[in-house]
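Chain by chain, the residues run as shown.
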Amino acid sequence: MDSLLAHILDAAGRAPSAHNTQPWLLRWLGAMLEVRVNRGRCLPAADPSYVDILHSLGAMLENVLLTLSHLGYTPSYRVAEHMDFDAPMVVVWWRKSKEAPPDPALYRMIPIRRTSRLPYVPEPVEPAALDALRAAVGPRCALHFLTNAEAISAVRALVAEATAELLTERHTAMELREWIRFSSHDRRWYRDGLTAACLGWKPWEAAAAKLLLSPPILHFLTRWGLHHTLCANVDQQAPPAPALCLLMVETESCVARIEAGRCLQRLWLTAATFGLVTHPLNAALDVSSTRERILEIFHALPTQHHVNLFRLGRSAAPARSPRLPADEILYTNA
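All residue numbers refer to position in the chain's written sequence, counted from 1. Under the rules for a predicted model, residues below a pLDDT of 70 receive no local features and side-chain atom pairs below 80 are neither given nor counted, while totals for whole chains, interfaces and linings still include all residues. Side-chain numbers come from the whole structure's heavy atoms, not from hydrogens or water.

(A) Fine view of the sheet that holds strand β9 (residues 277-280). Two strands pair if DSSP finds at least two bridges between them. Helix and strand definitions follow DSSP, with helices as H or I runs of at least four residues and strands as E runs of at least two, each counted in order from the N terminus. Spatial strand order, β5-β8-β10-β9: four strands in an open sheet with antiparallel pairing. Pairing within the sheet leaves two strands with one partner each, and these edge strands are β5 (141-146) and β9. The sheet shows a mean angle of 30° between the axes of neighbouring strands, taken without regard to direction. With six bridges joining them, β5 and strand β8 (residues 243-249) adopt antiparallel strand pairing. Counterpart to Leu 143 in the pairing with β8 is Leu 247. Every axis corresponds to a line fitted to the C-alpha atoms, with the helix fit spanning only the stretch in contact, and the corresponding angles, defined between N-to-C directions, vary from 0 to 180 degrees.

(B) The arrangement of the state of the cysteines in detail. A pair of sulfur atoms, both from cysteines and within 2.5 Å, is called a disulfide here. By the definition in use, this model includes zero disulfides. In this model Cys 141 remains outside any disulfide bridge; the closest cysteine sulfur is found in Cys 263, 4.1 Å from its own.

(C) Seen up close, unusual backbone geometry. Positive phi, close to 60°, is recorded for His 19, a residue that is not glycine. Mapped onto the fold, His 19 is located in the loop between α1 (3-13) and β1 (24-28). Residue Asn 20 is not a glycine yet carries a positive backbone phi of 55°. In this structure, Asn 20 sits in the loop between α1 and β1. Type-normalised accessible area, obtained with a 1.4 Å probe on protein chains alone, sets the label of each residue: buried when under 20%, exposed when over 50%, and partly exposed for intermediate values. Here Asn 20 falls in the buried class, since its relative accessible area comes to 6%.

(D) Layout of helix α7 (residues 203-212). For α7, the set of buried residues is Glu 205, Ala 206 and Ala 209. Relative to the axis of α7, the buried residues are bounded by an arc of 100° and lie together on one face. Residues of α7 that are exposed and angled more than 90 degrees away from the buried face: Pro 203, Trp 204 and Leu 211. For α7, the elements touching its buried residues are α9 (234-237). Working note: the arc is built from the helix axis to C-beta atom directions. We call two residues contacting when some pair of their heavy atoms lies within 4.5 Å.

(E) Just the sheet that holds strand β2 (residues 32-37), in detail. In space, the four strands of this open sheet follow the order β1-β2-β4-β3, with antiparallel pairing throughout. The open sheet has two edge strands with one neighbour each: β1 and β3 (73-79). Strand-to-strand, the axes of this sheet are offset by a mean angle of 20°, without reference to chain direction. Across seven bridges, the pairing between β3 and strand β4 (residues 90-96) is antiparallel. From the neighbouring strand, Ser 76 faces β4, where its bridge partner is Trp 93. In this fold α1 packs onto β1, β2, β3 and β4, with an angle of close to 170° to the strand it touches most, β1.

Shown next as structure tokens:
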């Protein structure tokens, strides 16, 4: 395998994605890379407008651009204007650079960055880290912080409320269950999805979740309004954190969404340089009633569109999310 291709595949494969679906397909053309969407790895119930797919492509693109720049290339790229499963969504090309490589700090964080759903250390995020995150935001995006304990508690309660609401949407709940790996006996445990280890579940918690999220049981619970009890523990649905962050974008275009994904990945890589971890809490943005209250708490502009709501802080080392082998994200057909 070409050494540059090996570097690019490693960086691309480490990008974050909703439910850890890893929805990209890469075609290597020597001095060019085409990126398409793998239709079978989309989330039609949870992400019918494909914005999470576009954010994932943007995060993957950011990793690829950082890698090319670090290895002495000047990268360029173009993005499709509309969602299309039958054509490349992103095309990247490069040439040898005559300039010194940029600061490698973010590139070095690509394998270090982690999502952690574990409890966070109850200590404030240092001001230097918040300043660095502000500086990492692109021109089309806006980043809002919450560090007030009362406001953070209000948001966490809304996350639990929204999670319970989403359980009443049968297709969304079934889709979530399909991407959870409840046990290492699942052959997909080392490939993709949300493993019980990454979710921070003990074996008995994973077994209970598998039972309660089964369609017959969940249907019974939602029919009688008992599903709220599954999400009653706010500390489990949205554990405490010293800071919450909300990333917004100005427009809804395909290009803007992919750029927002690039921005989100830069934020998370920047956080990693300070030893910080993150944890998306997007359930509260996926339900209209809770979303409105979230935007009010963060004082976000009504003309902006949400990208990601996440916890920020320090935690014990979380389990590493599984990643697809390289041969499953490469394609060769024209």
